[in-house]
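Observations on the model geometry
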Amino acid sequence: MSSVAAIWLANLIDLAAAGVQVGSGAVRKKKTILLLQTLQIFMQGFSMLILGGVTGAINNVLSCLRNVLCYYDKLNRVWKAILIAASILMTILFNTQGLLGWLPAVVCSIYILLMDLKDPLQFKLLVTLSFVPWCFYHLVLKSYTGAAFDAVTIAVNAVTLWRMWKDVQVLKH
């Protein structure tokens, strides 16, 4: 497959994943966010693999496992350590992108460490901020639809965060 065809195919896959991603931005329930996020990151992982983003694809597969464990309330310290160690090891073994190839491992490790936040507002903030580096990563890979929808997702999540914060303020008064 030519590089132009690979870019088109990957961007079409990312477009489908983007629909799921943006829709998850308006969701407030953690378990629903996790389910939608699992589907979206699996699809984007496939797209990244097509574009040569091997460490991004690997970390997305690990993120799918992470979300399943979290969904079933099985994500404990041991699993977190295993997932972070696997992310780092796989990045060492398969990174061909230099510092850029480390970005998925760093983002996923931070997310794993903090994803068991109980406060829905804090969790939504974590989800929102985790899309920022992925936006950059997608741009460099030439996943233009992925990057564009990362930006849209950040915006939708920011609006939802604002609404959630306002709801909390109303409850306090």
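Observations regarding the packing of helix H3 (residues 54–71) against helix H5 (residues 103–114)
Geometrically, a packed helix pair is captured by the angle between its two axes and the distance between the axes. Contact pair H3 / H5: the axes reach a minimum separation of 9 Å and the direction vectors enclose 15°. One finds that H3 runs roughly parallel with respect to H5. Crossing hand, H3 versus H5: right-handed. From H3, Thr-55, Gly-56, Asn-59, Ser-63 and Arg-66 reach across to H5, where they touch Pro-104, Ala-105, Cys-108, Tyr-111 and Ile-112. In terms of residue class, the contact of H3 with H5 is built from five nonpolar, four polar and one charged.

Structural notes on helix H2 (residues 30–50)
With 21 residues, H2 ought to run about 30 Å at 1.5 Å a step, and its terminal C-alpha atoms sit 30 Å apart, in line with that. Within the sequence span of H2, burial applies to Ile-33, Leu-34, Gln-37, Thr-38, Gln-40, Ile-41, Met-43, Gln-44, Gly-45, Ser-47 and Met-48. Looking at the buried positions of H2, the neighbouring elements they touch are helix H1 (3–24), H3, H5, helix H6 (120–141) and helix H7 (144–172).

Here's the deal with the packing of aromatic side chains
The full count for this structure, using the stated rule, is four aromatic pairs. Ring centres of Tyr-111 and Phe-123 lie 6.4 Å apart, and the angle between their planes is 55°; this geometry places the pair in the tilted category. Taken together, the residues Tyr-111 in helix H5 and Phe-123 in helix H6 connect sequence positions twelve residues apart. Comparing Tyr-111 with Phe-123 shows no difference in burial state: the two are buried. Arranged with centres 5.5 Å apart and planes meeting at 90°, the rings of Trp-134 and Tyr-137 form a pair that is edge-to-face. Placement of both Trp-134 and Tyr-137 in helix H6 is noted, with a separation of three residues, approximately one turn of the helix.

A few points about the environment of Val-20
Secondary-structure assignment places Val-20 in helix H1. The class for Val-20 is buried, based on a relative accessible area of 18%. Between the C-alpha atoms of Val-20 and Met-43, which are 23 residues apart in sequence, the distance is 9.8 Å.

Comments concerning the pattern of salt bridges
Inspection of the entire model under this criterion finds one salt bridge. Asp-167 is the salt-bridge partner of Arg-28, the closest N and O atoms lying 2.7 Å from each other. Taken together, the positions of Arg-28 in the loop between H1 and H2 and Asp-167 in helix H7 put the pair 139 residues apart, joining distant regions of the chain.

As for the confidence of the model for the protein chain
Looking at the protein chain as a whole, the pLDDT averages 91, with 99% of positions reaching at least 70. Confidence, read as mean pLDDT per element, is least for H2 in the protein chain (88) and greatest for helix H4 (residues 77–94) (97).

Some points on the nonpolar core
Core analysis: the biggest nonpolar cluster contains 17 residues, and Leu-75, Leu-83, Tyr-111, Met-115 and Phe-123 have the highest contact counts within it. If you list the elements that add at least two residues to this core, you get H2, H3, H4, H5 and H6. Residues Leu-51, Ala-57, Val-107 and Leu-141 belong to the second largest nonpolar core, which totals ten residues.

Section: the environment of Tyr-144
Among the structural elements, Tyr-144 can be located in helix H7. Spatially, the C-alpha atoms of Tyr-144 and Ile-7 are 8.9 Å apart, while their sequence positions differ by 137 residues. Non-local contacts of Tyr-144, meaning those with residues more than four positions away in its chain, are made with Asn-11 and Leu-139.

Points about the side chain of Ser-143
The topology assignment puts Ser-143 in the loop between H6 and H7. Not counting chain neighbours up to four residues away, the residues in contact with Ser-143 comprise Asn-11, Asp-14, Ser-47, Leu-51 and His-138.

Definitions and limits used
Residues numbered from 1 in each chain as written. Predicted model: local features only at pLDDT ≥ 70, side-chain atom pairs only at ≥ 80, totals over all residues. Heavy atoms only, no water. Axes fitted to C-alpha atoms, helices over the stretch in contact; angles between N-to-C directions. Helix = DSSP H or I, 4+ residues; strand = E, 2+ residues; numbered from the N terminus. Parallel < 35°, antiparallel > 145°, perpendicular 65-115°, else oblique. Left-handed = near helix turned anticlockwise from the far one by under 90°. Contact = heavy atoms within 4.5 Å. Nonpolar A, V, L, I, M, F, W, Y, C, P; charged D, E, K, R; others polar. Expected span 1.5 Å × (residues − 1). Buried < 20%, exposed > 50% of the residue type's maximum accessible area, 1.4 Å probe, protein only. Phe/Tyr/Trp six-rings, centres within 6.5 Å; stacked < 30°, edge-to-face > 60°. Salt bridge = Lys/Arg side-chain N within 4 Å of Asp/Glu carboxyl O. pLDDT = per-residue confidence, 0-100. Core = buried A, V, L, I, M, F, W, Y, C linked by side-chain atoms within 4.5 Å.

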